[in-house]
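# Architecture and fold: a report
Given next are the chains, with one letter for each unit.
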Amino acid sequence: MDLLTIFVAAILVNNFVLYYFLGICPFLGVSKKIDAAFSMGMAVTFVMSLTAVVSWMINHWVLIPFGLDYLQIVSFILVIASLVQLVEMFIRKMSPPLYQALGIYLPLITTNCAIMGLALLAALKDYNFIQTVVFGVGSGLGFTLAIVLMAGIREQLDLADVPEPLKGAGIALIVAGIMALAFSGFSGMIK
Amino acid sequence: MPPKKSLGAEYLKGLWDENPVFRQLLGMCPTLAVTNAVINGFAMGLATAFVLILSSLVVSSIKKLIPSQVRIATYIVIIASFVTIADRFLAAFFPPISKALGPYVPLIVVNCIILGRQEAFSSKNSIGRSLVDALGMSTGFILALLVLSSIRELLGAGTFLSYQVLGSWFKPWIIMILPAGAFITLGVLLGLAILIETKTKTRSS
Amino acid sequence: MSLSARMIVVLTVVGLVSGSLLAVVGLLTKDRIEMNRQQEIQTAISQVIPSTKTSQKIYEDDSLTVYESRNESKNAVGYAVYTSGTGFQDIITLMYGTDPSLSNIKDLTILEQKETPGLGAKITDQEAFLRYWKNRNCEQPLSLRKPAVDSPENLDPSEVNTITGATISSEKVLDIVNASLERLKAIKEQGKLSSEEKNAS
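Residues numbered from 1 in each chain as written. Chains lettered and ligands numbered in written order. Predicted model: local features only at pLDDT ≥ 70, side-chain atom pairs only at ≥ 80, totals over all residues. Heavy atoms only, no water.

## Thoughts on the overall build of chain C
A count of helices and strands for chain C gives three helices and eight strands. For chain C, the succession of helices and strands along the chain, N to C, is α-β-β-β-β-β-β-β-β-α-α. Its C-alpha atoms give chain C a radius of gyration of 23 Å, more than 25% over the compact-globule value 17 Å for 201 residues. Based on the C-alpha atoms only, the size of chain C along its principal axes is roughly 85 × 50 × 30 Å. Burial analysis of chain C (201 residues in total) assigns 43% to the buried set. In chain C, 45% of the contacts between residues at least 6 apart in sequence involve partners at least 24 apart. Carbon and sulfur atoms provide 54% of the accessible area of chain C, an area that totals close to 10,400 Å². Mean positive and mean negative side-chain charge positions of chain C (22 and 26 charges, respectively) differ by 5 Å. (Helix = DSSP H or I, 4+ residues; strand = E, 2+ residues; numbered from the N terminus. Rg over C-alpha atoms; globule rule 2.2 N^0.38 Å. Buried < 20%, exposed > 50% of the residue type's maximum accessible area, 1.4 Å probe, protein only. Contact = heavy atoms within 4.5 Å. Areas by Shrake-Rupley, 256 points an atom, 1.4 Å probe, with all protein chains shown as cover. Lys, Arg positive; Asp, Glu negative; His and termini not counted. Charge placed at Lys NZ, Arg CZ, Asp CG, Glu CD.)

Here is the structure:
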């Protein structure tokens, strides 16, 4: 599979949120301001790209050569948890402004199923190293796109007359459904 | 600490008052992803229940030994081990279901319901109480998956557990099987849950 | 015991216990999972080349795997080709059987797909799609019949039918088959597709 296909598929056709249903919690919870959603998206993209690299190395240099594939889930989740910790410490030391922008979202990312999903999907799809990296960056950007669009819509939704019981998560999910429908229009665009 | 509930109440709270999906909005990813057919939703519910119950048992029995600084890491390792067992078991004995659920079985490891129950309940309560809590939450989760997947399979394919239920007059609503149908159905169900809750509250007060 | 020592001990013990538990589970399930995979391939091979008695993997690279199939009297009756490519929504994985000269497709089966339910997913349906793939002449690349016809007899030998409402999924399957056939012919030309020598020795 060529890299452009993987990249475009990850952003539009098989969007992480709207097609794989990964990262729903931050998608419903955090996104109400476009700026904040964008920062969150960038933090996720950053961690996803790193996760893609590290999980590929673990999978292909340790787990597969030594026949330890049954440790895949345990090692991926531990790697993600420690990676997020490291990134947080590193950014806090090296770039306080960046930490101000991204830092508060980082602890939330550990339990974000999108990150674990990325590591698992890349392994499942049997991508090589470059493909995995492209898939990681694309998936992160796809997540960002979905979460920013959602934030924009929810800013408007505050002014809309939504039935009382549907306020909050209910209407957010229905909006997500309509977005998923719109995104399904991208299906088949890849040759 | 609030007064202890009876064991029955501890179980029942998972079904409605603290239902993980409808009331706590936890575990949304698998809820949306695998409910396109009843059998998938049910298998997912059972696998999650297996992991949740066993993790709660282990965590509540070794809770005094775990230093609080490393408790999350310990919980994660315990949960991930049971997830691996569930994943392997399905792949070995139920390959079609394992294929249909794909990466969502390994993803049970990041299902917030499981880590959440360890942190909020099993680490503070006795083994018996944690077991009842885990059973209740599992039942609540399975029920939520069954409701959602029944609606989606029935309207999306006209079938229930692959048996044709609706006659040939019925034209399946394909959207219900698609991701969009998952989002919209769950959104409407959440609204209904809140509606029922407020209605019963106003009546009792 | 100091706190940090306790932390290390607890983490090590938990890690060791879970690691060894998983090693046991891994060992116990490994053969069975491998067997399931083999069985799936075997079933697919005998589906696309019904006269198959035994089969053997003779070629494998990133994009395709080829099995040579032999009948009861140990004569080579064709190749079963396992390959995948991008569909309308996600990856489509399929297998088809050819005769030994690569001029005829005997049959096709879809092993994995995530096309739209009710539309593109009909590529797994005998009635709607697969029956139009039996006995196709593939000396030249196959082509798609648009608009669809309602019986295999109305197709040219080198044509396959379109699913009404799912043209793209039908096209994608055709593209996957054509692309792999082209590669297969090149591989055969280079002489990398023969197991005869191996068997003779």
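## A word on the sheet that holds strand 2 (residues 64–70) of chain C
Residues and elements named next belong to chain C. Read across the open sheet, the six strands follow the order 1-2-3-4-5-6; overall the sheet is antiparallel. Both edges of this open sheet fall to strand 1 (54–60) and strand 6 (136–137), since each of them pairs with a single strand only. Bridge count between strand 2 and strand 3 (residues 76–86): seven bridges; the pairing is antiparallel. Residue pairing across strands places Glu-68 opposite Tyr-79, the latter belonging to strand 3. Against the sheet, helix 2 (residues 167–189) makes contact with strand 1, strand 2, strand 3, strand 4 (91–98) and strand 5 (104–112), and its axis sits at roughly 55° relative to strand 4, the strand it touches most. (Pairing = 2+ DSSP bridges. Axes fitted to C-alpha atoms, helices over the stretch in contact; angles between N-to-C directions.)

## Focus: the interface of chain B and chain A
Contact residues are listed per partner, giving 34 residues for chain B and 35 residues for chain A. Regarding the contact of chain B and chain A, the summed buried area is about 2,900 Å², with carbon and sulfur atoms giving 86% of it. When the buried surface of chain B facing chain A is broken down by residue, Cys-29, Val-110 and Phe-183 of chain B rank first, second and third, together holding 21% of it. In this assembly, chain B and chain A are joined by one salt bridge. When the shortest N-O distance is used, the salt bridge between Asp-69 of chain A and Arg-88 of chain B registers 3.1 Å. (Buried area = accessible area lost by both parts, 1.4 Å probe. Salt bridge = Lys/Arg side-chain N within 4 Å of Asp/Glu carboxyl O.)

## So, the packing of helix 1 (residues 3–13) of chain A against helix 8 (residues 129–157) of chain A
All names here are of chain A. In contact at an axis separation of 7 Å, helix 1 and helix 8 are set at 25° when each is read in the N-to-C sense. Considered as vectors, helix 1 and helix 8 are oriented roughly parallel to each other. When you trace helix 1 past helix 8, the crossing you get is right-handed. Contacts from Leu-3, Ile-6, Phe-7, Ala-10, Ile-11 and Leu-12 in helix 1 reach Ile-130, Gln-131, Val-134, Phe-135, Val-137, Gly-138, Ser-139, Leu-141, Gly-142 and Leu-145 in helix 8. Per-class residue counts for the contact of helix 1 with helix 8 are twelve nonpolar, four polar and no charged. (Parallel < 35°, antiparallel > 145°, perpendicular 65-115°, else oblique. Left-handed = near helix turned anticlockwise from the far one by under 90°. Nonpolar A, V, L, I, M, F, W, Y, C, P; charged D, E, K, R; others polar.)

## Some remarks on the interface of chain C and chain A
Listed per partner, the contact involves 13 residues of chain C and 14 residues of chain A. Together, the buried faces of chain C and chain A total about 1,100 Å²; carbon and sulfur atoms form 52% of this surface. One can count one salt bridge joining chain C with chain A. For Lys-125 of chain A, the salt bridge is made with Asp-90 of chain C, and the minimal N-O distance between the two is 3.5 Å. Where chain C touches chain A, the interface holds four residue pairs in polar contact (both at pLDDT 80 or more). Secondary structure elements with two or more residues in the side of chain C that touches chain A: helix 1 (3–48) and helix 2 of chain C. Residue contributions to the side of chain C that touches chain A peak at four residues, all from helix 1 of chain C. Classifying every residue of the side of chain C that touches chain A gives five nonpolar, four polar and four charged. (Polar contact = N/O pair within 3.5 Å; in protein donor to acceptor, adjacent residues only side chain to side chain.)

## Here we look at the pairing of strand 5 of chain C
All names here are of chain C. Two elements, strand 4 and strand 5, share six bridges in a ladder whose sense is antiparallel. The residue of strand 5 that forms the bridge with Leu-94 is Ile-110. Counting the residues that bridge the hairpin from strand 4 to strand 5 gives five residues, and of these Leu-102 lies at a positive phi of roughly 60°. Where strand 5 meets strand 6, two bridges bridge the pair, whose relative direction is antiparallel. Across the sheet, residue Ile-105 finds its bridge partner in strand 6, namely Arg-136.

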